[in-house]
Amino acid sequence: MDSIGTGGGTKSEGARASASTVTKATAKTGEVVKKKRTQMCLDLGQSTMRHETCPKCGLVYAKGEPDDEKTHAQYHAKFLANADGYGAITLKPDDGQSVVWENADGDVRCVRLDAVKANTGAIERVSKKVERELSLPENWIFDQTKNQVRTFVCVEKKGNRVIGALFAEKLRQAFRTLPGVKLSTSATEGTIVSHSGIPESARCGVRAIWTQSTARRRGLAREMLNTMRAHLVPGYVIASKECAFTQPTEAGTALALAYCDSDTFLVY
Ligand SMILES: CC(C)(COP(=O)(O)OP(=O)(O)OC[C@H]1O[C@@H](n2cnc3c(N)ncnc32)[C@H](O)[C@@H]1OP(=O)(O)O)[C@@H](O)C(=O)NCCC(=O)NCCS
Ligand SMILES: [Zn+2]
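Here's a quick rundown of the structure. If you're wondering where the values come from, they're calculated on a predicted model, not measured in any experiment.

## A word on the nonpolar core
So, step 1. If you look at the biggest cluster of nonpolar residues, it comprises 60 residues, and the most contacted ones within it are Val 153, Leu 166 and Met 224.
So, step 2. Here the element with the most residues in this core is strand β8 (residues 161-170); it accounts for six residues.
So, step 3. Residue-level mapping places this core at the junction of two domains, with at least three residues from each of domain 1 (46-81) and domain 2 (97-267).
So, step 4. Other than its neighbours up to four places away in sequence, Met 224 contacts Cys 110, Phe 152, Cys 154, Gly 164, Leu 166 and Ile 209.

## Remarks on the environment of Phe 245
So, step 1. Examined against the element boundaries, Phe 245 turns out to sit in strand β12 (residues 243-245).
So, step 2. Its 25 C-beta neighbours within 10 Å are what place Phe 245 among the buried residues.

## A few points about the site of ligand 1
So, step 1. The immediate surroundings of ligand 1 are formed by 22 residues, with Arg 216, Ala 221, Gly 252, Ala 254 and Ala 258 found nearest.
So, step 2. When residues of the shell around ligand 1 are traced back to their parent elements, those giving at least two are β11 (204-211), α4 (220-231) and α5 (250-260).
So, step 3. For the shell around ligand 1, the leading source of residues is α5, giving five residues.
So, step 4. Among the residues forming the shell around ligand 1, the class breakdown is twelve nonpolar, six polar and four charged.

## Description of the environment of Thr 177
So, step 1. As for its position among the elements, Thr 177 is in strand β9 (residues 173-177).
So, step 2. Among all residues touching Thr 177, those that are not within four sequence positions of it are Val 193, Ser 194, His 195, Thr 264, Phe 265 and Val 267.

## Digging into the sheet that holds β11
So, step 1. Strand order in the open sheet formed by nine strands is β5-β6-β7-β8-β11-β12-β13-β9-β10, and the pairing between neighbours is mixed. With partners counted over all chains shown, the strands left at the sheet margins are β5 (97-102) and β10 (195-201), one partner each.
So, step 2. Pairing analysis gives seven bridges linking β8 to β11, with the strands arranged antiparallel. By the bridge assignment for β11, Phe 167 is matched with Ala 208.

## A short note on helix α2 (residues 120-133)
So, step 1. Compared with the 20 Å implied by 1.5 Å per residue over 14 residues, the 20 Å span of α2 between its first and last C-alpha is a close match.
So, step 2. Among the residues of α2, Ala 122, Ile 123, Val 126, Ser 127, Val 130 and Glu 133 are the ones counted as buried. With its buried residues spanning 120° around the axis, α2 presents them on a single face.
So, step 3. In this structure, the buried residues of α2 make contact with β6 (108-113), α3 (142-145), β7 (150-156), β8 and β11.
So, step 4. At the exit of α2 stands Ser 135, carrying a positive phi of roughly 55°.

## Side note on the pairing of β9
So, step 1. Summarising the sheet, β9 and β10 pair through four bridges and their orientation is antiparallel. If you follow Ala 174 over to β10, its bridge partner there is Glu 200.
So, step 2. Sheet topology places β9 next to strand β13 (residues 266-267); two bridges connect them, and they run antiparallel. Residue pairing for β13: Arg 176 is matched across the bridge by Leu 266.

About the thresholds
Residues numbered from 1 in each chain as written. Chains lettered and ligands numbered in written order. Predicted model: local features only at pLDDT ≥ 70, side-chain atom pairs only at ≥ 80, totals over all residues. Core = buried A, V, L, I, M, F, W, Y, C linked by C-beta atoms within 7 Å. Buried ≥ 20, exposed ≤ 12 C-beta atoms within 10 Å, placed from the backbone. Helix = DSSP H or I, 4+ residues; strand = E, 2+ residues; numbered from the N terminus. Domains from an automatic or database assignment. Contact = placed C-beta atoms within 7 Å. Near = placed C-beta within 6 Å. Nonpolar A, V, L, I, M, F, W, Y, C, P; charged D, E, K, R; others polar. Pairing = 2+ DSSP bridges. Expected span 1.5 Å × (residues − 1). Arc of directions from axis to C-beta.

Dropping the structure here:
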């Protein structure tokens, strides 16, 4: 299992042992014998992940981490200098793209970028943009698009501007969050998500999901998730309860809770 970015916690399962030496006196002799005992403590794989989202530029970063603070400061300055955010990218209609959803007005389309050679450049540009937006390690998404990760992209018809992306992979199991995930009331506070450490069956994992800051709360992430469920496994529509998420940022947690229509969701 992956442990990523600044929020990744220990995800080992089972019992973890810590050795301690215990002194015991024998009843018969009164002789003091030193015995080595092993103190067992249960590590159920609980994980704690904390991210913050800048209310102005929308970047997700680990507050207090010097590298992340620096990345944020640079990104924030560039974002303010360019209302579109830096690195706005476009995706023209092309072979190898399957249009899998269009909104009612026809001004936004969602395409699946099949893993064919012709799409490598487009997949690289989109995945690297999302890595930057989410402060993920370089190539954390892109490298996996060469393997099992599939790319879905939302494109605005006018100007072919990319306004959303989702990277999905097939999964076998994930972990259910504990009920009562705390969603902070402040846009700059982090969210804490813990999981049980007990594996449950899952069909697909959302490695990353992102929508352009100016296009949020218009249902685009929801549509990308619907599209992913219908198009990831041929001939099978994945149930929303079989979807798991990595990187539960605060907005991602809110989305997952709303999308799964539950007080828990799966993480991996
Ligand atoms: C998380 C993210 C992808 C959501 O995209 P979106 O297109 O705005 O989401 P949708 O409009 O489809 O939201 C669907 C529902 O999810 C919930 N939701 C989504 N974002 C939310 C937020 N920031 N706060 C509270 N609820 C939210 C709402 O219930 C929403 O329905 P509503 O708008 O009718 O109330 C977007 O905020 C984003 O890119 N954030 C930065 C990157 C990030 O954190 N990615 C998640 C990694 S786990
Ligand atoms: Zn900022």
